[in-house]
2 protein chains.
Amino acid sequence: MPATADTIHSLDHLDQLNQALESGAFIQVRRMLNSLPAPDVAHVIESSPPKTRAVIWRLIDIEREGEILPYLNDEIESQFLRNMDSEELLTITEGLEADDVADILQQLPDRVIREVLQLMDKQDRQRVEHVLSYPEDTAGGMMNTDAITVRAKTPLEVVLRYLRRHEELPEMTDNLIVVNRRDEYIGQLPLRKVLVSDPNITVREIMVTDVDAIPASMDDGEVATLFERNDWVSAPVIDEQGKLIGRITIDDVVDVIREDADHSLMSLAGLDEDEDTFAPVLQTAPRRAMWLGINLLTAFLASSVINMFEGTIDKVVALAILMPIVASMGGIAGTQTLTVVIRGMALGQVGSNNSGWLINKEFLVGIINGLCWSMIVAVAVTLWFDDTLIGMIIAGAMVINLVTAGLAGAVIPIALRRLNIDPALAGGVVLTTVTDVVGFMSFLGLATFFYM
Amino acid sequence: MPATADTIHSLDHLDQLNQALESGAFIQVRRMLNSLPAPDVAHVIESSPPKTRAVIWRLIDIEREGEILPYLNDEIESQFLRNMDSEELLTITEGLEADDVADILQQLPDRVIREVLQLMDKQDRQRVEHVLSYPEDTAGGMMNTDAITVRAKTPLEVVLRYLRRHEELPEMTDNLIVVNRRDEYIGQLPLRKVLVSDPNITVREIMVTDVDAIPASMDDGEVATLFERNDWVSAPVIDEQGKLIGRITIDDVVDVIREDADHSLMSLAGLDEDEDTFAPVLQTAPRRAMWLGINLLTAFLASSVINMFEGTIDKVVALAILMPIVASMGGIAGTQTLTVVIRGMALGQVGSNNSGWLINKEFLVGIINGLCWSMIVAVAVTLWFDDTLIGMIIAGAMVINLVTAGLAGAVIPIALRRLNIDPALAGGVVLTTVTDVVGFMSFLGLATFFYM
């Protein structure tokens, strides 16, 4: 999709649009919307509260809806789709690439998918069915079916003539794909080599054969890693028999990179990376409630630990005042380690060969920072309560908790991953449970030992 | 850089390499390293503890070092660079693209930069100096100087002949760039149009003029947004006079997207997105210490709030047992809101036009979840302590704190951004200070009112 000259300033459009919307100038809004590139319209929709969203969607020409949908967050996309019948769905999917059609259909109930597929012409249906047959988060689910193929023995001159028969090459075509007569992948023919070569030589002489094609079953995160490492713009996808079935382009890979990077951030707060910033209150509240419930259980667990030392607190009330310091410093130190390890895992850096080193490192960092800060806290608390013993006790507890936090921050995500539990989602809860329990237990335990 | 057939399995290389390293088979390790593509070698280095890193670096051929450096994390890159003299630096930067050379030089002291530039030939020096004259995090700092330019009046046939004079076109060349005789940017000539067009027409007839070039001063995050929205593979960069000075390619944009996405995650834990997972203990400990110190201050602040209610706790020790529940639930609810808002800001969704709606929404979500969970907590606490009053008090405090958390989670990042303070870095600390202080104050305050 070509960007208009306005694109550079697209970030200002939102304000202008909102002013027009507020003043009820719907004709102006419609004109603005239909002159904006599809990704910018999607961004305007994503940045609007639900009511404005509905108004904007009604003002968009139906022919443009299909173009805009693939750029929307899954949650918003499926809301719009739910209100369409199969005829409308057919209209909006016309002219879209097979992977975008598949993405749209995947949001719908099976019955509707079958209806829409029935209405398509045979070639389109087969293409879309092919993409639909692979899970959304695999290479097969990401691919397009628009690859241009050539044969190795063809002279470049013939290739060039063949290309001229096209109206335009598919977007992001940097390579033609070389296949044999059984459609099996052999290699790639970079256009930037075609353009500098003598037209009389054959494809075989300049094709690149040392780049493997991507198996359709490969996980989308792995696909993204390959693109990032090798600076690819597009890559061929093959099925189990080695037959070429499509190609993946960098624009879809960028979406995966963005989502994977968001996943760690959002999961640590118990949120989904598809979370819609402007979802209605009644949709957001129940989703958040679940996470609060889980954390409530761990908070009660921490309270029950404190409860064990009721007698000690009753005698030395300063303990109640100081105990949150020990717990919270453990939480902070542990979260730092957890975040580094989770990011390292997301980047594919942490494996069985180095996790031992990493755990050991975080243990040592915990000891150093535990000793350093506990001394400062010891002095501060001793001065505050004019009591050396309580200063010593809190220092001891802080060393114990910061060392535990370093260890737990590294061990928990590594262990969770071995158990096939998402470390970003479960890691934070398990970690703060550990640092709270150990924090309260070490501080109040030491106090009970010395005071009672 | 072409990927070898091994690339697909590159994630296994690390284990093999480590086995070879451990068994001291250095000749084998050297062979393995030099057969791996540069990004994979960089990944192996990033995934290794410091000692292994040094061994690996020594085993890499010097001619390959320059190729590998741009793929390394800035921190590790500058460590390796610090040990080189200007002759070595010149050797490794030979054959690199101007933006990669600039990236390398930017890590070095001014004196060394001048020395290396002196040693370069004139053309290379000018190119690199040009890139160096723009800040690293702008379009000018990201660009390459390898754009191929054509004039609008040229027939395609001549363009094709001109291209054939090149050995190979620069990587990621999807467009030639059309300039006038003053080198001012006019438009782009997509190769995928050149290939399907009649060679007798001129560039003017098929060039694309509705895409603006990127100003060299544009922030790299904005550049990334434009690439993502418009599915670009490369884009031209112009100076203030509208003269073409280079082009940006998607591979460098992907790095920016990855770093920006990591920024929110890492900053929330007080970490830098360049943080090296396997940095030595003595390097990591002082960095983490700073953040612990800031959080220690806020923990003392929370303790001083509790201290105000010493008398009440002394009388009703159950308060000490239950107070962490109120504070921690507020912290969790607030962090959820904060994370959603920070992510929305990073995606450019949150602006002055919708932040009011967002704050209002999070306030309502806080009320709903506050009421919902406080009732459950009220029942649980009443049963636990066989005391209805304490159940009512904790419920009231939880409603107050969850509503505050929702409001604070939305208002704090919005306010921090207005003050030009990074919301991802400062947001978490300010938020937990608020939820701790309000949590303890509301719970102990209500208790003091009803018990004393």
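Numbering of residues starts from 1 in each chain and follows the order in which that chain's sequence is written. Chains carry letters and ligands carry numbers; both start at the beginning, A for chains and 1 for ligands, and go up in the order they are written. Local features in this predicted model are restricted to residues of pLDDT 70 or higher, and side-chain atom pairs are both shown and tallied only at a pLDDT of 80 or more, whereas totals for entire chains, interfaces and linings draw on every residue. Side-chain descriptors were evaluated using all non-hydrogen atoms of the structure, hydrogens and water having been removed beforehand.

S.K.: Tell me about the relation of the copies chain A and chain B, and name the residues and values.
M.R.: When chain A is fitted to chain B, the residual RMSD is 0.0 Å, and the transformation amounts to a turn of 180° plus an axial shift of 0.0 Å. Such a combination of turn and shift is consistent with a two-fold rotation axis. The C-alpha atom lying nearest the rotation axis in chain A is that of L265 of chain A; the distance is 2.4 Å. By residue overlap, the copies meet face to face through one surface: 100% of the interface positions of chain A are interface positions in chain B. Alignment of the copies relies on least squares applied to C-alpha atoms, considering only residues that score at least 70 for pLDDT in both. In what follows, a contact means two residues having at least one pair of non-hydrogen atoms within 4.5 Å.

S.K.: I'd like a description of the packing of helix 17 (residues 281–308) of chain A against helix 19 (residues 318–346) of chain B, backed by residues and values.
M.R.: When two helices pack together, you describe them by how their axes are tilted relative to each other and by the distance separating the axes. In the contact formed by helix 17 of chain A and helix 19 of chain B, the axes pass within 9 Å of each other and the chain directions differ by 155°. As summarised for this structure, helix 17 of chain A and helix 19 of chain B are arranged roughly antiparallel, according to the angle between their axes. Where helix 17 of chain A crosses over helix 19 of chain B, the two elements pack in a sense that is right-handed. Contacts between helix 17 of chain A and helix 19 of chain B pair R288, W291, L292, N295, L296, A299, F300, S303, I306 and N307 of chain A from the former with A320, I321, L322, P324, I325, S328, M329, I332, A333, Q336, T337 and V340 of chain B from the latter. Considered class by class, the residues forming the contact of helix 17 of chain A with helix 19 of chain B number 15 nonpolar, six polar and one charged. For every element, the axis is a line fit to its C-alpha atoms; helices are fit only across the contacting stretch, and the angle between N-to-C directions ranges from 0 to 180 degrees. In this text, helices come from DSSP runs of H or I with a minimum length of four residues, and strands from runs of E with a minimum of two, each type numbered from the N-terminal end. Here roughly perpendicular refers to angles of 65 to 115 degrees, roughly parallel to angles under 35, roughly antiparallel to angles over 145, and oblique to all remaining angles. Crossings are sorted by hand: turned counterclockwise from the far helix by less than a right angle, the near helix makes the crossing left-handed, and turned clockwise it makes it right-handed. Charged means Asp, Glu, Lys or Arg here, nonpolar means Ala, Val, Leu, Ile, Met, Phe, Trp, Tyr, Cys or Pro, and polar covers whatever is left, Gly included.

S.K.: Outline the interface of chain A and chain B, listing residues and values.
M.R.: Listed by partner, the interface residues are 130 residues for chain A and 131 residues for chain B. Each of two parts loses accessible area, computed with a 1.4 Å probe, when they are put together; buried area is these two losses added. For the pairing of chain A and chain B, the buried interface totals around 12,500 Å² over both sides, and the portion due to carbon and sulfur atoms is 64%. The salt bridge definition used is simple: a Lys or Arg side-chain nitrogen within 4 Å of an Asp or Glu carboxyl oxygen. Between the two partners, chain A and chain B, sit 10 salt bridges. Salt-bridge contacts for E168 of chain B lead to R192 of chain A; the nearest nitrogen and oxygen are separated by 3.6 Å.

S.K.: How would you explain the pattern of salt bridges if you had to name every residue and give the values?
M.R.: According to the stated counting rule, one finds 24 salt bridges over all chains in the structure shown. As a salt-bridge pair, D40 of chain A and R229 of chain B come within 3.3 Å of each other at their nearest N and O atoms. In this pair, D40 of chain A is assigned in helix 3 (residues 38–46) and R229 of chain B in helix 15 (residues 220–230), connecting two distinct chains.

S.K.: Can you break down the domain arrangement of chain A residue by residue, with the values?
M.R.: Interfaces are often sized by the amount of accessible area the parts lose when they come together. These domain boundaries are the output of an automatic or database domain assignment. Once the domains are mapped, chain A shows domain 1 (7–137), domain 2 (149–268) and domain 3 (281–451). Each of domain 1 of chain A and domain 3 of chain A has a C-alpha centre, and these two points are 46 Å apart.

S.K.: Summarise the side chain of T93 of chain A; cite the residues concerned and give the values.
M.R.: Residues and elements named next belong to chain A. Tracing the backbone shows T93 in helix 7 (residues 86–93). Polar contact criterion, stated in full: a pair of N or O atoms within 3.5 Å, where within protein one must be able to donate a hydrogen and the other to accept it, and residues adjacent in sequence count only if both atoms are side-chain atoms. A distance of 3.1 Å separates the side chain of T93 from the backbone oxygen of L90, its partner in a polar contact. In this structure T93 touches V101, I104 and M120, once residues within four positions along its chain are discounted.

S.K.: Provide a residue-level description of the sheet that holds strand 1 (residues 149–150) of chain A, including the pertinent values.
M.R.: Residue and element names in this part refer to chain A. Taken in spatial order, the three strands of this open sheet run 1-2-3, and their pairing is mixed. Unpaired on one side and paired on the other, strand 1 and strand 3 (185–190) mark the two borders of the sheet. We call two strands paired when DSSP finds no fewer than two bridges between them. As judged from the two bridges shared by strand 1 and strand 2 (residues 175–179), these two strands associate in the parallel manner. Following the sheet pairing, T149 is matched in strand 2 by I177.

S.K.: How would you explain the packing of aromatic side chains if you had to name every residue and give the values?
M.R.: Working definition: an aromatic ring pair is given by the centre-to-centre distance plus the angle between the planes. For Phe, Tyr and Trp, rings pair up if their centres lie within 6.5 Å, where Trp contributes its six-membered ring, and each pair is then called stacked (planes under 30 degrees apart), edge-to-face (over 60) or tilted (otherwise). Under the counting rule described, the total for this entry stands at 12 aromatic pairs over all chains. A ring pair is formed by F227 of chain A and W232 of chain A, whose centres lie 5.5 Å apart and whose planes are at 85°; its orientation type is edge-to-face. Cluster of aromatic residues (ring-pair linked, three or more members): F300 of chain A together with W384 and F385 of chain B.

S.K.: Go over the sheet that holds strand 6 (residues 244–249) of chain A, please, and point to the residues and values.
M.R.: All names here are of chain A. Taking strand neighbours across the sheet as the criterion, the three strands line up as 4-5-6 in an open arrangement whose pairing is mixed. Of all the strands in the sheet, just strand 4 (214–215) and strand 6 have a single pairing partner and so form its edges. Summarising the sheet, strand 5 (residues 234–238) and strand 6 pair through five bridges and their orientation is antiparallel. From the neighbouring strand, A235 faces strand 6, where its bridge partner is I248. Against the sheet, helix 15 (residues 220–230) contacts strand 4, strand 5 and strand 6, and its axis sits at roughly 65° relative to strand 6.

S.K.: Residues and numbers for the UniProt feature "domain: CBS" (unreviewed entry) in chain A, please.
M.R.: In this structure's numbering, the residues bearing the UniProt feature "domain: CBS" (unreviewed entry) are residues 207–265 of chain A. Within residues 207–265 of chain A, the helical portion is 46% and the strand portion 22%, while the C-alpha atoms at the span's ends are 42 Å from each other. UniProt positions are given in the numbering used here, feature names are shortened, and annotations may be inferred rather than shown by experiment.

S.K.: How would you summarise the UniProt feature "transmembrane region" (unreviewed entry) in chain A if you had to cite specific residues and measurements?
M.R.: Residues and elements named next belong to chain A. Mapped onto this numbering, the UniProt entry annotates "transmembrane region" (unreviewed entry) at residues 289–309, 321–342, 363–385, 391–416 and 428–451. Taken as a whole, residues 289–309 contains 95% helix and 0% strand, while its terminal C-alpha atoms sit 31 Å from one another. Taken end to end, residues 363–385 is 100% helix and 0% strand, and its first and last C-alpha atoms sit 31 Å apart.

S.K.: An account of the pairing of strand 6 (residues 244–249) of chain B is requested, with residue identities and associated values reported.
M.R.: When a residue's accessible area, from a 1.4 Å probe over protein chains only, is under 20% of the maximum for its type it is buried; when over 50% it is exposed; and in between it is partly exposed. Of all six residues in strand 6 of chain B, six are buried, a share of seventy percent or more. What sits between strand 5 (residues 234–238) of chain B and strand 6 of chain B in their antiparallel hairpin is a turn of five residues, with G242 of chain B showing a positive phi close to 85°.

S.K.: Mind laying out the environment of E362 of chain B, listing which residues take part and the relevant values?
M.R.: On the secondary structure map, E362 of chain B appears in helix 20 (residues 355–385). Residue classification places E362 of chain B among the buried residues on the basis of a relative accessible area of 1%. Distance in space between the C-alpha atoms of E362 of chain B and R288 of chain B is 32 Å, their sequence separation being 74 residues. Dropping the residues within four chain positions of it, E362 of chain B is found in contact with R288 of chain A together with T337, G406 and A410 of chain B. A polar contact of 3.0 Å, which involves the side chain of E362 of chain B, links it to the side chain of T337 of chain B.

S.K.: Talk me through a nonpolar patch on the surface; I want residue IDs and the actual numbers.
M.R.: Taken together, the side chains of L389, F449 and F450 of chain B present a nonpolar region at the surface, about 330 Å² in accessible area. Position of L389 of chain B relative to the elements: it lies in helix 21 (residues 388–418). Surface patches are drawn from residues lacking salt bridges whose relative accessible area is over 30%; two like charges belong together within 9 Å, two nonpolar side chains (Val, Leu, Ile, Met, Phe, Trp, Tyr) within 5 Å. Note on areas: Shrake-Rupley, 1.4 Å probe, and residue coverage restricted to the protein chains presented here.

S.K.: Can you explain unusual backbone geometry? Please cite residues and give values.
M.R.: Leaving glycine out, the prevailing phi sign among residues is negative, and the prevailing peptide bond configuration is trans. All names here are of chain B. In this model, D183 sits at a positive phi of 65°, which is unusual for a non-glycine residue. Along the chain, D183 falls in the loop between strand 2 (175–179) and strand 3 (185–190). Under the relative-accessibility criterion, D183 is labelled partly exposed at 38%. With a phi angle near 50°, D386 is a residue other than glycine that sits in the positive phi range. Looking at the secondary structure, you find D386 in the loop between helix 20 and helix 21.

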